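Topology and contacts: notes
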Amino acid sequence: MTATTANFTERRRMTPAETIADSRVMAVRQLRKILRRPMYVGYLFVQPVIFVLLFRYVFGSAIDTGRVSYVNFLLPGIIVMTAIFGSLTTGLGLTEDLAAGVVDRFRSLPIARSAVLIGRTAADLGTNAVTLVVMLLLGVAVGFRPSQPAYQVVLAFVLVLAFAYVFSWISAFVGLSVRNPETAQSIGFIWVFPLVFASSAFVPTAGMPDVVRTFAEVNPVTLAVNASRALMIGHGDALAPTLGTLAWLGGLLLIFVPLAMRAFRRA
Amino acid sequence: MTPYAGTAAIEIEGLRKAFGDVVALDGLELTVEAGTVFGLLGPNGAGKTTLVRIVATLLQPDAGRVAVLGRDVLGEPLAVRRRIGLAGQFAAVDAELTGRENVEMVGRLYRLSGGEARRRAAEVLERFRLLDAADRRVATYSGGMRRRLDLAAGLIGRPPVVLLDEPTTGLDPRSRQELWSVADELRREGTTVLLTTQYLDEADRLAQRIAVVDHGRVVAEGTATQLKAMIGGNVLSVRLADPAYIPEATAALATLAGADQPRVDAGDGEIRVAVRTPGASVQALRRLDEKRVAIASIEVGQPSLDDVFLTLTGRPADPEADERTAREAA
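Residues numbered from 1 in each chain as written. Chains lettered and ligands numbered in written order. Predicted model: local features only at pLDDT ≥ 70, side-chain atom pairs only at ≥ 80, totals over all residues.

1. A word on the overall build of chain A
Across its full length, chain A carries 11 helices and zero strands. Mapped in sequence order, the helices and strands of chain A form the string α-α-α-α-α-α-α-α-α-α-α. Here chain A has a C-alpha radius of gyration of 20 Å; the compact-globule value for 267 residues is 18 Å, and the two agree. Scored against the burial criterion, the 267 residues of chain A give a buried share of 45%. Long-range contacts, defined as pairs at least 24 residues apart, comprise 80% of the intrachain contacts of chain A with a sequence gap of at least 6. (Helix = DSSP H or I, 4+ residues; strand = E, 2+ residues; numbered from the N terminus. Rg over C-alpha atoms; globule rule 2.2 N^0.38 Å. Buried ≥ 20, exposed ≤ 12 C-beta atoms within 10 Å, placed from the backbone. Contact = placed C-beta atoms within 7 Å.)

2. Some remarks on the overall build of chain B
The secondary structure content of chain B amounts to 12 helices and 14 strands. Overall size of chain B, expressed as C-alpha extent along the three principal axes, is 75 × 45 × 40 Å. Each of the 330 residues in chain B was classed as buried or not, and the buried ones make up 49%. Expressed as a percentage of contacts within chain B between residues at least 6 apart in sequence, the contacts between residues at least 24 apart total 69%.

3. Section: the environment of Leu40(B)
Residues and elements named next belong to chain B. Considering the arrangement of structural elements, one finds Leu 40 in strand S3 (residues 37-41). Each C-alpha atom of the pair Leu 40 and Glu 221 lies 9.3 Å from the other, and the pair is 181 residues apart in sequence. Here Leu 40 is in contact with Lys 48, Leu 51, Leu 194, Leu 195, Thr 196, Ala 211 and Val 213, once residues within four sequence places are set aside.

4. Topic: the nonpolar core
Counting residues in hydrophobic clusters, the biggest one holds 164 residues, and the most contacted among them are Val80(A), Val160(A), Val55(B), Val68(B), Ala152(B) and Leu195(B). It is helix H7 (residues 150-178) of chain A that contributes the most residues to this core, 14 residues altogether. Taken domain by domain, this core gets at least three of its residues from each of domain 1 (8-227) and domain 2 (230-329) of chain B. When neighbours within four sequence positions are excluded, Val80(A) is seen to be in contact with Val160(A), Phe163(A), Ala201(A), Val221(A), Ala224(A), Val225(A) and Ser228(A). (Core = buried A, V, L, I, M, F, W, Y, C linked by C-beta atoms within 7 Å. Domains from an automatic or database assignment.)

5. Things to note about helix H4 (residues 114-127) of chain B
All names here are of chain B. If you check H4, its first and last C-alpha atoms are 20 Å apart, about what 14 residues at 1.5 Å a residue would give, namely 20 Å. Burial in H4 covers these residues: Ala 117, Arg 120, Ala 121, Val 124 and Leu 125. Seen along its axis, H4 keeps its buried residues to an arc of 135 degrees; they face one direction. Buried residues along H4 sit in contact with helix H3 (99-109) and helix H5 (143-155). Within two residues after H4, Arg 129 carries a phi angle of roughly 50 degrees, on the positive side. (Expected span 1.5 Å × (residues − 1). Arc of directions from axis to C-beta.)

6. Examining the sheet that holds strand S5 (residues 71-72) of chain B
Within a sheet, adjacent strands bond to each other through the backbone by hydrogen bonds, running parallel or antiparallel. Within the open sheet, the four strands sit side by side as S2-S1-S4-S5 (chain B). Their pairing is antiparallel. Edge positions in the sheet fall to strand S2 (22-33) and S5 of chain B, since each of these pairs with one other strand and no more. (Pairing = 2+ DSSP bridges.)

7. A word on the confidence of the model for chain A
Across chain A, the average pLDDT comes to 90, with 96% of residues at or above 70. A low-confidence stretch, residues 1-8 of chain A stays under pLDDT 50, and its non-local contacts, those more than four residues away or across chains, total 13 contacts. (pLDDT = per-residue confidence, 0-100.)

8. With respect to the interface of chain A and chain B
As a measure of interface size, the accessible area lost when the parts come together is often cited. The interface of chain A with chain B comprises 25 residues on the first partner and 30 residues on the second. If you list the elements that add at least two residues to the side of chain A that touches chain B, you get helix H1 (2-7), helix H2 (16-36) and helix H5 (102-107) of chain A. Sort the elements by how many residues they give to the side of chain A that touches chain B and H2(A) lands first, with six residues. Split by residue class, the side of chain A that touches chain B holds eight nonpolar, six polar and 11 charged. (Nonpolar A, V, L, I, M, F, W, Y, C, P; charged D, E, K, R; others polar.)

9. Comments concerning unusual backbone geometry
With a phi angle near 70 degrees, Arg179(A) is a residue other than glycine that sits in the positive phi range. One non-glycine residue, Leu69(B), lies in the positive phi region at around 45 degrees. Here Leu69(B) is to be found in the loop between strand S4 (63-68) and S5.

10. Regarding the domain arrangement of chain B
Residues and elements named next belong to chain B. Considered domain by domain, chain B is made up of domain 1 (8-227) and domain 2 (230-329). Placing the centre of domain 1 and that of domain 2 at their C-alpha centroids yields a distance of 35 Å. Counting residues at the interface gives 12 residues for domain 1, matched by 10 residues for domain 2. At the level of secondary structure, the elements contributing two or more residues to the side of domain 1 that touches domain 2 comprise helix H7 (200-206), strand S9 (209-214), strand S10 (217-222) and helix H8 (224-229). The biggest single contributor to the side of domain 1 that touches domain 2 is H7, with three residues. A class-by-class count of the residues in the side of domain 1 that touches domain 2 yields eight nonpolar, two polar and two charged.

Below is the structure:
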């Protein structure tokens, strides 16, 4: 009985090694859960696949992308959209854990509280990586042909993964603030849709009305999509949108990691 | 025996917590001696769960002091978390994972090595008779099995203080019995258990000391015997041959000298009334006979904790019975 208590030195804070160990347990838990629900993984693909088919074979013929074929224009946009939709599962999953009382159990244990969010976002990063690879392969199947060297395609992939990771933290903050799975789901679409559609993901921003275009041009989704396009198919300049995306991601991370942690402590 | 015997495992002073206008805890005071099972008894909304959440460092109090084995919940929350195990009414386990994975995961979070977590997981699973189902997904478990698994997870770190928040609410009688035997075992091992319950028989059966909580305060505290003595008399229980006559019988028994308001058990139709005069049963028989009410059985006995609760709070512990009494009275 005393042995357990004696195992713990009475430090008041966790060491980084302990935080990493706890985060690992949390990440393994999440990945195991996902692997046990293959239908759930399938569900992650439904929306992006519909969008690929819809834009590639229905709307695409009516969208003028100049010298670039529409399918080459579209795929980088689809990839970024898939990343954002994938990150929504972070917040949704946390609200489910809250409702099930699992979060209470974790918070009553002598663990680093940040580990729950660090582990969760890390696991979701892994899931997103798999989803993005599948979407890229689907893109190739419908005619997407990256023209740039492989290392650039990999760079674009890493940039979009970083994008997904940062958006997981935003999604975590939103989920932990609203607390209810249904609300998290509908709120998710409210903040995500304008970002995805008022961007260069599906159509060039040049033809948009002034107000929308102004929003679209500073939208991090536009920057990430433009960077990926430049890196994968050589469409436009790569450096400026890449730096812009990184600046956005750094700023968002600085704001939303502490906000999500605070929401977790209060949830 | 426990190294903490004779000292206070949980000390609570002047605890207050409000959610908006709703006061959940209103200056609650409580001391739980180490190595005992302490029952916190009260109806829904009495503040029991709020109290457990504050002791478990999940919620911050508005005012007051709470210490677990001398560690303040606000000053040293991590030290408190190292000393407690929590099992609640909601069975916080992952349905997609197996029972073993759930328990081992919590073991790892208590910083056990992989091997030690596996060994202890097998140990607690066996103790809760879950070894056969250990490698099945929790989704296939019954409600009672989930609750036992939740408790197993709470105990894998061998915490000296265990908080059980309504562990048997909604369980079938057999699962309740099983959880009860675990609580007995914990006490024998010297673990301090703070148990909340709305079931008086549960507190009577498990706890050495019981605090009755109502509106966020302790309204009475003592052993089950002491609490029963507060009624200061015996309880007359009557069963009728025909339940249709319950209203007449209740009205007749209400006129007994020195008797409280009779109460009808929603489950079996038994009428119970606290009586203080020695000849009460004879008197009751006469009253019922005058009304031509046929009696199946009548006995005078020790008051139950239900009777105590009614006397202390002016209403039954069981909301269903509450409704029933209201209907009968109308």
